[in-house]
Amino acid sequence: MKNPRPSPDGEGMKMKPEYWVLNLSGGKDSTALGLEWLTRHRADPVTYPLDEVVFCDVGMDFPAMMDHVARLEHIFTDAGIRFTRLKSETSFEYLMFEHWPNFRENSKFHNQGFSWPSFQSRWCTTLLKTEIIERYLNQLRAQYAVIQLVGLAADEQERLAKPNNQNPNHRHPLADWGWTEADCLVYCYLKGFNWGGLYQLFKRVSCWCCPLQNLQELRNLRKYFPDLWERLLDMEHKTWRKFRADFSVDQLEIRFQFEEERLAQGKPINTREFHRALKEKIKECEQK
């Protein structure tokens, strides 16, 4: 299964055995890829090699996601596939609230911690996942030519076209098979995986505290996971930057309560009049 091939590390034509690794996030796409690849691997391990599954725990996943990953771990290990869990020694909370980045020494910013991730600075993904996985794979690359199975679907052409996804040692089987994101979700449901209903509430099941969620997903977080919502409110009060550009978590709490009141009265929540009234409501609450 580990066939010799030229080493990709610049050492001329030194031969290293291939070592196939599945990058598992736990989401619908990587789950569908993992389950289907494992099925094909069992039937034809030469064409569909698989040596190891790697999962990196950021520390802020929904509990149902962690249950899902534990179930997958049993499936792979029962099939004789090594399953590796990675996690940074530095926690999400430390980086968000306490870390002092070196670049701030000569900066106009003097706030402690990275605060909330944003579209411009997804430090959580970089520091708690990408770098941790890459560090581990680099250890493997000292001995093997590591081939990574990456769960990008056929309808994610923009992501597939990005330079970091052009690595010749990356494989994108879902795209090769023509499987879309919707196909992957249906496949997982048919296999008996439903993440406790998370995909019925969230388009993408990432960290529960992610500020990049849309408003409906945040409404669902508040409604169906009140304990996590309370944690989100508490996190807001410990950091220096607003949760989103448009709303703090406190302001979202005011908004969602106001929406519930309006809907109970049979009033709309998507009109200019509503937004004017909401602005006044937030101002009133914040002055108390």
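What counts and how
- Residues numbered from 1 in each chain as written.
- Predicted model: local features only at pLDDT ≥ 70, side-chain atom pairs only at ≥ 80, totals over all residues.
- Heavy atoms only, no water.
- Core = buried A, V, L, I, M, F, W, Y, C linked by side-chain atoms within 4.5 Å.
- Buried < 20%, exposed > 50% of the residue type's maximum accessible area, 1.4 Å probe, protein only.
- Contact = heavy atoms within 4.5 Å.
- Helix = DSSP H or I, 4+ residues; strand = E, 2+ residues; numbered from the N terminus.
- pLDDT = per-residue confidence, 0-100.
- Expected span 1.5 Å × (residues − 1).

Caption draft 1: Region of the structure containing the nonpolar core. With 67 residues, the main nonpolar core has F62, F92 and L221 as its most contacted residues. Ignoring anything within four residues of it in the chain, the contact list for L221 reads F62, F202, W208, P226, L228, W229 and L232.

Caption draft 2: Inspection of the environment of I269 at higher detail. For I269, the location among the structural elements is in the loop between α10 (249-264) and α11 (272-286). With 233 residues separating them along the chain, I269 and E36 place their C-alpha atoms 43 Å apart. Excluding residues that lie within four positions of it along the chain, I269 makes contacts with E259, R262, L263 and F274.

Caption draft 3: The arrangement of the confidence of the model for the protein chain in detail. In the predicted model, the protein chain carries a mean pLDDT of 93, and the fraction of residues at 70 or more is 93%. The low-confidence segment residues 4-8, where pLDDT is below 50, has 19 contacts with residues more than four positions distant or belonging to other chains.

Caption draft 4: Spatial organisation of helix α1 (residues 28-43). Taking 1.5 Å per residue as the helical rise, α1 with its 16 residues ought to reach 22 Å, and the 23 Å between its terminal C-alpha atoms agrees with that figure. The buried fraction of α1 amounts to twelve of the 16 residues, a majority that puts the element mostly inside the structure. On its buried side, α1 packs onto β2 (15-24), α2 (63-78), β5 (145-149), α6 (173-177) and α7 (181-190).

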